[in-house]
Amino acid sequence: MLKLYGGARSRAAIVQWYLEELAVPYEFVLLDMQGGEHRQPEFLKINPIGKVPAIVDGDFQLWESGAILLYLAEKYDKCPTSPEERAIISQWVLFANATLGTGIFVEATRERETPRLLTPLNEIFSKQSFLLGEEFSVADVAVGSILAYIPLMLKLDLSAYPAVEQYIQRMVGRPAYQKAIAGRSS
Ligand SMILES: N[C@@H](CCC(=O)N[C@@H](CS)C(=O)NCC(=O)O)C(=O)O
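The structure reproduced in this document is the subject of the present report. (Residues numbered from 1 in each chain as written. Predicted model: local features only at pLDDT ≥ 70, side-chain atom pairs only at ≥ 80, totals over all residues.)

Points about unusual backbone geometry
Here is the rule: Each helix is a run of H or I in the DSSP string that is no shorter than four residues. Each strand is a run of E no shorter than two, and both are numbered from the N terminus.
Note the cis peptide between valine 52 and proline 53, where omega equals 10°. Structurally, proline 53 is set in the loop between helix H2 (41–44) and strand S3 (54–57). Of note, the phi angle at alanine 23 is positive, near 55°, even though the residue is not glycine. As for its position among the elements, alanine 23 is in the loop between helix H1 (12–22) and strand S2 (26–30).

Some details on the sheet that holds S2
The test is simple: A pair of strands counts as paired when DSSP detects no fewer than two bridges linking them. To define axes, lines are fitted to C-alpha atoms, for helices over the stretch in contact only, and angles between the resulting N-to-C directions are given on a 0 to 180 degree scale. Note that contacts rest on C-beta atoms placed from the backbone: two residues are in contact if these are within 7 Å.
Read across the open sheet, the four strands follow the order S2-S1-S3-S4; overall the sheet is mixed. Two strands bound the open sheet, and with one partner strand each, they are S2 and strand S4 (60–63). Across this sheet, the average inter-strand angle for adjacent strands is 20°, counted without regard to direction. Packing against the sheet, H1 makes contact with strand S1 (2–6) and S2, and its axis sits at approximately 150° to S1.

Brief notes about helix H7 (residues 162–172)
For clarity, the threshold we go by: To assign burial, the other C-beta atoms lying within 10 Å of each residue's own C-beta are counted, with C-beta atoms placed from the backbone; 20 or more indicates buried, 12 or fewer indicates exposed, and intermediate counts indicate partly exposed. Note that the arc is defined by the directions from the helix axis to the C-beta atoms.
Every buried residue of H7 is listed here: Val164, Tyr167, Ile168 and Met171. Seen along its axis, H7 keeps its buried residues to an arc of 100°; they face one direction. In H7, those exposed residues whose orientation departs by more than 90 degrees from the buried face are Pro162 and Gln169. Buried-residue contacts for H7 involve helix H5 (107–127), helix H6 (138–153) and helix H8 (175–180).

Focus on the site of the ligand
Inclusion rule: Using a C-beta atom placed from the backbone, a residue is scored as near a molecule or strand whenever that atom is within 6 Å of it. Gly falls in the polar group here, along with every residue not listed as nonpolar (Ala, Val, Leu, Ile, Met, Phe, Trp, Tyr, Cys, Pro) or charged (Asp, Glu, Lys, Arg).
Close contacts around the ligand come from Gly7, Ser10, Arg11, His38, Gly50, Lys51, Val52, Pro53, Glu64, Ser65 and Asn97, and that covers them all. Of the residues belonging to the shell around the ligand, the class tally is two nonpolar, six polar and three charged.

Below, the structure written as structure tokens:
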């Protein structure tokens, strides 16, 4: 069975959310991160960088949440076949981790970046339910998990972005999200 390594409150919950969406059986290996278990030789054999999430799927090991999401989408056939459509999915997953997350969570840039990031997202979500249109995809797990962390972790006023707020509600209301993230955030 696929093993997902994570901490009690860590980005492993993003991967767990997608595994729940896909209904793929997995074992969550909870590392004692306070105790530094992610820096011990046993875990460093899986991720030499010493960060979670990481997965072990048979003989295959992988780390970085975005890479894991894309791997799962490929493996469980949730990826479109054309290179252009696949690139759009990668674009959103990379955007979530490289641009959206840092823009919103790095305090020094938050004030400047938040309107730049949320205004276009608000426009997108006022026209369609999900990032790729009317169908939920791995892109929504990557971007939606970052957006849903805003009300959980930051006191940002999102009233200027009502479509983003509604999108967050749609993500949070999904049973797989509830199982993986809401259940872990308290
Ligand atoms: N970009 C990485 C970030 C990984 C990351 O920073 N994970 C944190 C937990 S959420 C971690 O392992 N921190 C432990 C440490 O830095 O010692 C990803 O998305 O997988």
